[in-house]
Amino acid sequence: MAKRKTAFWDGFLFAIFVAAVVAFVPDPAFAQMAPRTSGWVVVPKSQGRLTAQDLGLVINVNDPYSVEVGEFYAHARKLLPEQVLRIEVPVKPTLTPEEFDALKSAVESHFGPDIQALALAWTQPFAVNCNSITGALSLGYDAELCNHSCAPSRPSPYFNAPTARPFSELKLRPSMLIAANDAASAKSLIERGVRADHSLGLRGAPPVHAYFVATKDRVRSARAPLFPPAGPVRAFGIDVHVESTQFIENAQRLLLYQTGAAKVEKLDTLHWVPGALADHLTSFGGRLDRRTGQMTALEWIASGATASYGTVSEPCSHPQKFPHPQLLLSHYAQGSTAIEAYWKSVAWPQQGVFIGEPLAAPFSKR
């Protein structure tokens, strides 16, 4: 993780940390992410959530994993035939811009205006040059970013937005890979997502736990000033824990775990609830081919989480390129799906790949 930051961003982080008012915020993403008090940041009231009828599924017929997992997902979420696109895509970690253009054109031609979000039934490809495939597909491919991957990337109009109709209102379809180590693990992931629906925030149920961890790695702990206040959030049945440690272990009824580390230990001791979210701030958590020596987002899925996030190229330690802790939890607790909560929590998602079961919504009402 490169440590290079602008003088402005150093001052900006300090302003957040002392809960001061930031007077100079040239980008709307900064304005939404910046002011913090001793309480929670402001999150707009959700206007609903995505449902199965809003989702388009893309299956790569060149990839046996994609075919098996895609068909399983279509059945699990009861998708209609017209909600599924079967297409040939190269099975490799990174697409060229030309290969990506063919995919994007097919998606835009197949899905009509009612499709608000996309599920991609594969683990690879996960990138288009330095862009993540989810960032490029949802925001458009940004070739210039590859010359300066540490620079600010395109702000997402979906960041902290109330809408449940992102394509209709913003001309943006958030996308997520149904990614796992193998097809059997992906099917378990899907089953966790379906089982999560309407399962939390119930009166009289024991609380679930959200852990926000600042490690000794100060650069990868850049999100620590954005952590929520510790304590119970009784309206949703969530206990928030803010820790300074290298890792947590033996946590029960775990809903959310965010930390900063190249590798996270003791994942095999954690007990997740269906629909749990987890990610770690590091440079290459989205390189799902595991060639960097850093832990990938797939390890969260393998341990029992239902959705995760990681960057595919060097982002430097800009917190805007990673999920905002408070926004992720707050949108999810309102009843949003995993794909909505994760996308609404990242101000600059061009380099970040979202993975998991998109429609998991544990706090949604029946």
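Computed from a predicted structure; not experimentally measured. (Residues numbered from 1 in each chain as written. Predicted model: local features only at pLDDT ≥ 70, side-chain atom pairs only at ≥ 80, totals over all residues. Heavy atoms only, no water.)

Caption draft 1: Representation of the overall build of the chain within the structure. What the chain contains, in helices and strands, is 10 helices and 14 strands. Within the chain, buried positions represent 59% of all 366 residues. A fraction of 75% describes how many contacts in the chain between residues 6 or more apart in sequence connect residues 24 or more apart. Accessible surface for the chain amounts to roughly 14,100 Å². Of this, 54% is attributable to carbon and sulfur atoms. (Helix = DSSP H or I, 4+ residues; strand = E, 2+ residues; numbered from the N terminus. Buried < 20%, exposed > 50% of the residue type's maximum accessible area, 1.4 Å probe, protein only. Contact = heavy atoms within 4.5 Å. Areas by Shrake-Rupley, 256 points an atom, 1.4 Å probe, with all protein chains shown as cover.)

Caption draft 2: Geometry of the pattern of salt bridges. Overall, the coordinates contain 13 salt bridges when judged by the stated rule. When the shortest N-O distance is used, the salt bridge between Arg77 and Asp197 registers 2.7 Å. Of this pair, Arg77 sits in the loop between α3 (64-76) and β2 (84-87) while Asp197 sits in the loop between α7 (183-196) and β8 (208-214), and the two are 120 residues apart along the sequence. A network of salt bridges, in which partner residues are shared, links Arg77, Asp197 and Glu357. (Salt bridge = Lys/Arg side-chain N within 4 Å of Asp/Glu carboxyl O.)

Caption draft 3: Structural view of helix α9 (residues 325-333). Judged by how many residues are buried, α9 sits mostly within the fold: nine of nine residues are covered. Three or more residues of α9 are buried, namely Pro325, Gln326, Leu327, Leu328, Leu329, Ser330, His331, Tyr332 and Ala333. Contact partners of the buried residues in α9: β8, β10 (238-244), β11 (254-259), β12 (272-280) and α10 (338-344). Count one or two residues on from α9 and you reach Gly335, which has phi positive near 110°.

Caption draft 4: Highlighting α7. The terminal C-alpha atoms of α7, which comprises 14 residues, lie 20 Å apart, in line with the 20 Å expected from a rise of 1.5 Å per residue. Taken residue by residue, α7 has Ala183, Ala186, Leu189, Ile190, Arg192, Gly193 and Ala196 as its buried positions. Its side-chain oxygen at 3.3 Å from the backbone nitrogen of Ala184, Asp182 defines the N-terminal cap of α7. In the stretch just after α7, His198 is the one whose phi turns positive, near 60°. (Expected span 1.5 Å × (residues − 1). Polar contact = N/O pair within 3.5 Å; in protein donor to acceptor, adjacent residues only side chain to side chain.)

Caption draft 5: Local environment of the sheet that holds strand β6 (residues 131-132). Taken in spatial order, the three strands line up as β3-β5-β6 in an open sheet, and their pairing is mixed. Looking at which strands have only one partner, the edges of the open sheet turn out to be β3 (94-95) and β6. Here strand β5 (residues 127-128) pairs with β6 via two bridges, running antiparallel. Counterpart to Ala127 in the pairing with β6 is Ser132. (Pairing = 2+ DSSP bridges.)

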